[in-house]
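Summary of the model geometry
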Amino acid sequence: RLLQGAASLGDELLRRRVLIPPLVGLEDSSRYDSYAMVLEHLTIVGDAVARIVVDLGHGRRPAVVLRTAEVKARGLAEPAEVVAGYREMLAAFRHAALDTGAERRGPLRHEHPWFGALDAYQWLCFATLHQVVHLKQVRAILRRVDPAVESGPLPAGPCKSIAWRFSAESGAYLSTCSWVDSSTT
């Protein structure tokens, strides 16, 4: 859906930064972004999460360290490059997510800057939530750029449902994710 939206906008609108109202799950520092900057951020995070999921799923400690400041979009790339990078990330992420040889609930965990140590399965669930937050952000951006933009239902992503709960034992948020049949994604 984000790729379809980007294809319908010209470079000027993809680059236009606008201030949006606060959104749950979105840092204040990300409220003044453009559509292209959201895609750039999603690409940075998606590439990193795909590597983390692959490593954890195959019993390796990920070398990737996610830090909030390092996943911020800079807004310097041309919109066509950003869209192409996002498209490539989606293909690589899908490959990582559908890896049938991976152990999703293995003992290895990797630190998320907000949610603590997550296993491969939880990282995949996080990725769904992350996309939904930024879909909402893009909708808010489009409403500022063009108030006539419609807001349809959000796609569910690879999880058909997800629930987070805080675990006092581990001191982290834990997720439960029900997967959509891969033939429908």
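Refer to the structure printed above.
In this report, the structure presented in the accompanying data block is examined. The numbering scheme is per chain: residues are counted from 1 as the chain's sequence reads. Restriction of local features to residues with pLDDT of at least 70 applies here, the model being predicted, together with a cutoff of 80 or more for giving and counting side-chain atom pairs; totals for whole chains, interfaces and linings are based on all residues. To get the side-chain values, take all heavy atoms of the structure and skip hydrogens and water.

Moving on, we come to the nonpolar core. Nine residue types can take part in a nonpolar core, namely buried Ala, Val, Leu, Ile, Met, Phe, Trp, Tyr and Cys, and a core is a set of them joined through side-chain atoms within 4.5 Å. Exposure is judged per residue with a 1.4 Å probe applied to protein chains only, and the accessible area is read against the type maximum: over 50% gives exposed, under 20% gives buried, and values in between give partly exposed. Counting 44 residues, the largest nonpolar core has Leu2, Tyr35, Leu39, Val49, Leu66, Phe93 and Trp123 as its most contacted members. Under the scheme used here, helices are H or I runs from DSSP no shorter than 4 residues and strands are E runs no shorter than 2 residues, and both carry numbers assigned from the N terminus. Of all the elements in the fold, those that place two or more residues in this core are α1 (2-7), α3 (35-57), α4 (79-97) and α5 (120-145).

Next up on the list: the packing of α3 against α5. Across the interface, α3 lies against α5 with an axial gap of 10 Å and an inter-helix angle of 175°. With respect to α5, the axis of α3 lies roughly antiparallel. Contacts between α3 and α5 involve Tyr35, Val38, His41, Leu42, Val45, Val49, Ile52, Val53, Leu56 and Gly57 from the former and Ala120, Trp123, Leu124, Phe126, Ala127, His130, Gln131, His134, Gln137, Val138, Ile141 and Leu142 from the latter. Here the residues of the contact of α3 with α5 sort into 16 nonpolar, six polar and no charged. Here an axis means a line fitted to C-alpha atoms, over the contact stretch when the element is a helix, while the angle between two N-to-C directions is reported on a 0 to 180 degree scale. In what follows, roughly perpendicular refers to angles from 65 to 115 degrees, roughly parallel to angles under 35, roughly antiparallel to angles over 145, and oblique to any angle outside these ranges. The contact definition used throughout considers only heavy atoms, calling two residues in contact when any of these lie within 4.5 Å. Residues are grouped as follows: Ala, Val, Leu, Ile, Met, Phe, Trp, Tyr, Cys and Pro are nonpolar; Asp, Glu, Lys and Arg are charged; all remaining types, including Gly, are polar.

Bringing the layout of surface pockets into the picture now. Put simply, the second largest pocket is a space of about 620 Å³. Note on definitions: the grid is 1 Å and covers protein atoms alone; a cavity is a set of points where a 1.4 Å probe fits but cannot get out; a pocket is an open set with protein on both sides within 12 Å along at least five of seven lines; lining residues have an atom within 4 Å of a point. Around the second largest pocket, the lining is made up of 31 residues, and of these Gly25, Trp114, Phe126, His130 and His134 lie nearest the centre. For the lining of the second largest pocket, the secondary-structure elements that each account for two or more residues are α3 and α5. Grid points are joined across faces, edges and corners, and a volume is the space filled by probe spheres set on the points.

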